[in-house]
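# Analysis of the macromolecular model
If you want the building blocks of each chain, they are given just below.
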Amino acid sequence: MAEQISHIAELYAALRDRRTVAPLIARYPTLTIDDAYAISLGVLARRLADGERVVGKKIGVTSKAVQDMLGVHQPDFGFLTDRMLVGEEIDIAGHGLIQPRAEAEIAFLLRADLNGPGVTPEQVLDATESIAPCFEIVDSRIDDWKIGIVDTVADNASCGVFVLGDARVAPRDLDLAALRVTVTKNGLPLSEGLGSAVQGSPLQAVAWLANTLGAYGVTLNAGDIILSGSLVPLEPARAGDLFTMELHGVGGCTARFV
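As a starting point, this report considers the structure included with it. Residue numbers restart at each chain and count upward from 1, following the sequence in its written direction. pLDDT decides what is reported in this predicted model: residues at 70 or higher carry local features, side-chain atom pairs at 80 or more are listed and counted, and totals for whole chains, interfaces and linings draw on all residues regardless. To get the side-chain values, take all heavy atoms of the structure and skip hydrogens and water.

## A short note on the environment of Phe 108
- If you trace the backbone, Phe 108 turns up in strand E4 (residues 101-110).
- Residues Phe 108 and Ser 6, spaced 102 residues apart in sequence, show a C-alpha to C-alpha distance of 34 Å.
- In contact with Phe 108, other than residues within four places in its own chain, are Val 124, Thr 128, Ser 130, Ile 131, Leu 176, Pro 202, Leu 203, Val 206, Asp 224, Ile 225, Ile 226 and Ser 228. Numbering goes from the N terminus for both helices and strands, where a helix is a DSSP run of H or I of at least four residues and a strand is a run of E of at least two. Pairs of residues are marked as contacts when any of their non-hydrogen atoms sit within 4.5 Å.

## Considerations on the sheet that holds strand E8 (residues 188-194)
- What the five strands build is an open sheet, ordered E3-E12-E11-E7-E8; its pairing is mixed. Of all the strands in the sheet, just strand E3 (89-90) and E8 have a single pairing partner and so form its edges.
- If DSSP finds at least two bridges between two strands, the strands pair. Here two bridges tie E3 to strand E12 (residues 251-257), and the two strands are oriented parallel to one another. Note on E12: the bridge partner recorded for Ile 90 is Phe 257.

## Remarks on the pairing of strand E11 (residues 242-247)
- Going residue by residue along E11, you find Phe 243, Met 245 and Leu 247 tucked away on one face and Leu 242, Thr 244 and Glu 246 left uncovered on the opposite face.
- In this structure, strand E7 (residues 180-185) lies alongside E11, joined through five bridges in antiparallel fashion. Pairing of Thr 182 across the sheet is with Glu 246, part of E11.
- Direction of pairing for E11 relative to E12: antiparallel, over a ladder of six bridges. Note on E12: the bridge partner recorded for Glu 246 is Gly 252.
- Hairpin connection from E11 to E12: three residues lie between these consecutive antiparallel strands, with Gly 249 at a positive phi of about 90 degrees. Each residue is placed in one exposure class: buried if its accessible area under a 1.4 Å probe, protein chains only, is under 20% of its type's maximum, exposed if it is over 50%, and partly exposed if it falls in between.

## Section: the nonpolar core
- In this description, a nonpolar core means a group of buried Ala, Val, Leu, Ile, Met, Phe, Trp, Tyr and Cys residues linked to one another through side-chain atoms lying within 4.5 Å. With 69 residues, the main nonpolar core has Ile 90, Phe 108, Leu 114, Phe 135, Ile 137 and Leu 220 as its most contacted residues.
- In terms of nonpolar packing, the next biggest core, distinct from the first, is built from twelve residues, Met 84, Leu 109, Cys 159 and Leu 164 among them.

## Brief notes about the pattern of salt bridges
- What counts as a salt bridge is simple: a side-chain nitrogen of Lys or Arg found within 4 Å of a carboxyl oxygen of Asp or Glu. A full pass over the atoms with the stated rule returns 15 salt bridges.
- Measuring nitrogen to oxygen at the nearest pair gives 4.0 Å for the salt bridge that ties Arg 83 to Glu 52. Of the two residues, Arg 83 sits in the loop between strand E2 (76-81) and E3 while Glu 52 sits in the loop between helix H3 (33-49) and strand E1 (54-60), which places them 31 residues apart along the sequence.
- Note that Arg 180 is salt-bridged to Glu 192, the shortest N-O span being 3.9 Å. Here the residue Arg 180 occupies a position in strand E7, and Glu 192 occupies one in strand E8, the gap between them amounting to twelve residues.
- Taking the relative accessible area as the measure of exposure, Arg 180 reaches 35% and is therefore partly exposed.
- A single network of salt bridges, built from pairs that share partners, joins Arg 16, Arg 47, Asp 50, Glu 52 and Arg 83.

## Quick word on helix H7 (residues 202-214)
- Taking 1.5 Å of rise per residue, the 13 residues of H7 would be expected to cover 18 Å, and the 18 Å separating its terminal C-alpha atoms lies within 8% of that figure.
- Looking only at H7, the buried set comprises Pro 202, Leu 203, Ala 205, Val 206, Ala 207, Leu 209, Ala 210, Thr 212 and Leu 213.
- Summarising the contacts, the buried residues of H7 are in contact with E1, E2, E4, helix H5 (121-127) and strand E9 (225-230).
- Measuring from the side-chain oxygen of the N-cap residue of H7 to the backbone nitrogen of Leu 203 gives 3.1 Å; that N-cap residue is Ser 201. An expected span of 1.5 Å times one less than the residue number is assigned to each helix. Between N or O atoms, a polar contact is any pair within 3.5 Å; within protein, one atom must be a potential hydrogen donor and the other a potential acceptor, and residues adjacent in sequence are included only when both atoms are from side chains.

## Observations regarding the packing of aromatic side chains
- Within 6.5 Å between ring centres, the rings of Phe, Tyr and Trp (the latter by its six-membered ring) count as paired, and their orientation is classed by plane angle as stacked under 30 degrees, edge-to-face over 60, tilted in between. Applying the stated criterion across every chain yields a total of six aromatic pairs.
- Relative to Phe 77, the ring of Tyr 37 has its centre 4.3 Å away and its plane inclined at 10 degrees; by these criteria the two rings are stacked. One end of the pair, Tyr 37, is in helix H3; the other, Phe 77, is in strand E2, with 40 residues separating them in the sequence. Take Tyr 37 and Phe 77: they sit in the same class, and that class is buried.
- On the basis of an interplanar angle of 55 degrees and a centroid distance of 4.8 Å, the ring pair of Tyr 37 and Tyr 216 is categorised as tilted. Residue Tyr 37 is located in helix H3, and its partner Tyr 216 is located in the loop between H7 and E9; the two are separated by 179 residues in the primary sequence.
- Overall, the relative accessible area of 29% leaves Tyr 216 in the partly exposed class.

Take it as geometry only, folks, not as evidence of what the structure does.
Structural data, given as structure tokens:
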């Protein structure tokens, strides 16, 4: 317990001071995923004590493209707070970002609770009010993104900030696995992907999240924003970069870095 408290303090200080630390797993090879989630919840408790408010949850490392980039081969989850929801103009220093990367996602806006275990994709669909195009700007408090699964879990699934596009579309009549996203960077084509990139379907990914969170006594709640994982490889972002995405059949989203 004392060791967990030490890690909580270290990652919380890194978040607030806008700096990175050496990978936890390299220094503490006996850390387990359960230890890492306890550390993540501990950092979240400090953020809530600072006045932040949870507005949703996110799934990380869901697609093969992202898993291969990071060398992490299982999904994880993190918490979204009100301070992480930002407009399309992203002040890197002002938002406390250190080494940001942009990823295009489908956001779910829930109208009903989802309590795992046992949640199915169909129940996710029934509980969803609408979906929206989203840029998640992931970030890491770990040196040079040299993360293992324990590092990213402890670091709130490498959360940074996120931007929601204006479009809101009810998902019932959509084939979410077949939804296509195209991304540009500074006016040039960058990447494209399908909803099936995240565990075969975004609905399956959100069901996984509800069921995994249930094991830790955490629920997905009506009003939550749920980020279902990146459909494309992560792309580093610097001041001056402009990213656009089009979630075809739904709408677009823009992230401009300053």
